[in-house]
Amino acid sequence: MREIDRQIEQFLTHCSMKQLSKKTLKAYNQTLYLMANYLEQVHSITSAEQVKVFHISAYIGYLQERGKYTVACYCNHTQQNYPERRTDYKRSISKTTINNYIRNMRVFFNFLVEFDYIERSPMRKIKQLKNARHSVDFITDSQFESIIGSLDMAKFHEYRDKVIIELLLDSGMRIGECLAIQMSDIDLLKNCIVLPWENTKGKKTRTVFFSNEVRKSLRLWIRHKDSFIESEYLFPSTHNRALSVNGFESNMRVYGNRAGVPNVSPKVFRNNFAKRFLLNGGDIFTLSKILGHSSVAITEAAYLDLTDDDLREQYQRFSPVANMRVRQ
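Here is a short report on the structure shown in this document. In this text, all values refer to a predicted model and were calculated from it rather than measured experimentally.

1. Things to note about the packing of aromatic side chains
Under the criterion given, the structure shown has 14 aromatic pairs. Centroid distance F111 to F115: 4.9 Å. Interplanar angle 45°. Geometry classified as tilted. Of the residues examined, F111 reaches a relative accessible area of 7% and is grouped as buried. Arranged with centres 5.3 Å apart and planes meeting at 80°, the rings of Y159 and W221 form a pair that is edge-to-face. Residue Y159 is found in helix α6 (residues 156-171), and its partner W221 is found in helix α8 (residues 212-228); the two are separated by 62 residues along the sequence. This pair shows no difference in class: Y159 is buried, exactly as W221 is. Put simply, the rings of F11, Y28, F108, F109, F111, F115 and Y117 touch in pairs and so form one group of aromatic residues.

Given below as structure tokens:
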């Protein structure tokens, strides 16, 4: 085993002890072993102590030039992948993906510095790639009504998904957080749901809220659910298990196509919550807390992309002169 493999395993063990999500651990695993294979194949480097800034810089350039999966990944050396068999082999890697690699590598090398495996991080002079901002997907009121109207309330799973969609748009939760809600987490008197730390991306317990309208939907749904299934989950599967994210996303594709609103996804509802919250007069600091972001900067980067029409409408509502009580 290469020394860098041991270092990666120690890092992943450390992350597991911090109870990071399986998705995060998988991303670290893939990123770091791809990097390690490149370093060995191109620069004959087998230990993190040998890695310099220019090696990382060269690796980023290599990814941009060669494309996806051009460095085979031997994750934990247990099995070999065959990247050339993939339909997207050698396709260009987006700047967003490369920036994710950079972020993951920075966390790894910072860990090695913190625990005295190496003296200096080779990531210290590596910057994120400049990436053009894309406006968040937005659905209109009529599109939202079309999606809801396309669902068959006589079917258990479609009735359940209708309430999920309403709650996602009304609360701004991530879909994984929503599907993990248990009956003990919800307070219908205070219109709030406590998301336990183990179910949130940031591993911090937080509270999200819902409107009186959604409370009515939740009350009716719980009554309906309890008449069919006795489950600790607010939104169980038809087999009385936790509903998977992939399963719900698959359902959403069906509903979106049925309603004539393609490419709709759980993320779209979270995006719409954030944008509508700001347009309705909410402030960015409160929004950041509700969304569970670690800093306001993350919220600003993700959601402060209002269009001229958005700004015009917002201005008319909050114009200083128009709202003065005394005018000349």
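2. Quick look at helix α11 (residues 284-291)
For α11, the complete set of buried residues consists of I284, L287, S288, I290 and L291. End-on, the buried residues of α11 take up no more than an arc of 165°, which puts them together on one face. The exposed residues of α11 that point more than 90 degrees off its buried face are F285 and K289.

Parameters at a glance
- Residues numbered from 1 in each chain as written.
- Predicted model: local features only at pLDDT ≥ 70, side-chain atom pairs only at ≥ 80, totals over all residues.
- Heavy atoms only, no water.
- Phe/Tyr/Trp six-rings, centres within 6.5 Å; stacked < 30°, edge-to-face > 60°.
- Buried < 20%, exposed > 50% of the residue type's maximum accessible area, 1.4 Å probe, protein only.
- Helix = DSSP H or I, 4+ residues; strand = E, 2+ residues; numbered from the N terminus.
- Arc of directions from axis to C-beta.

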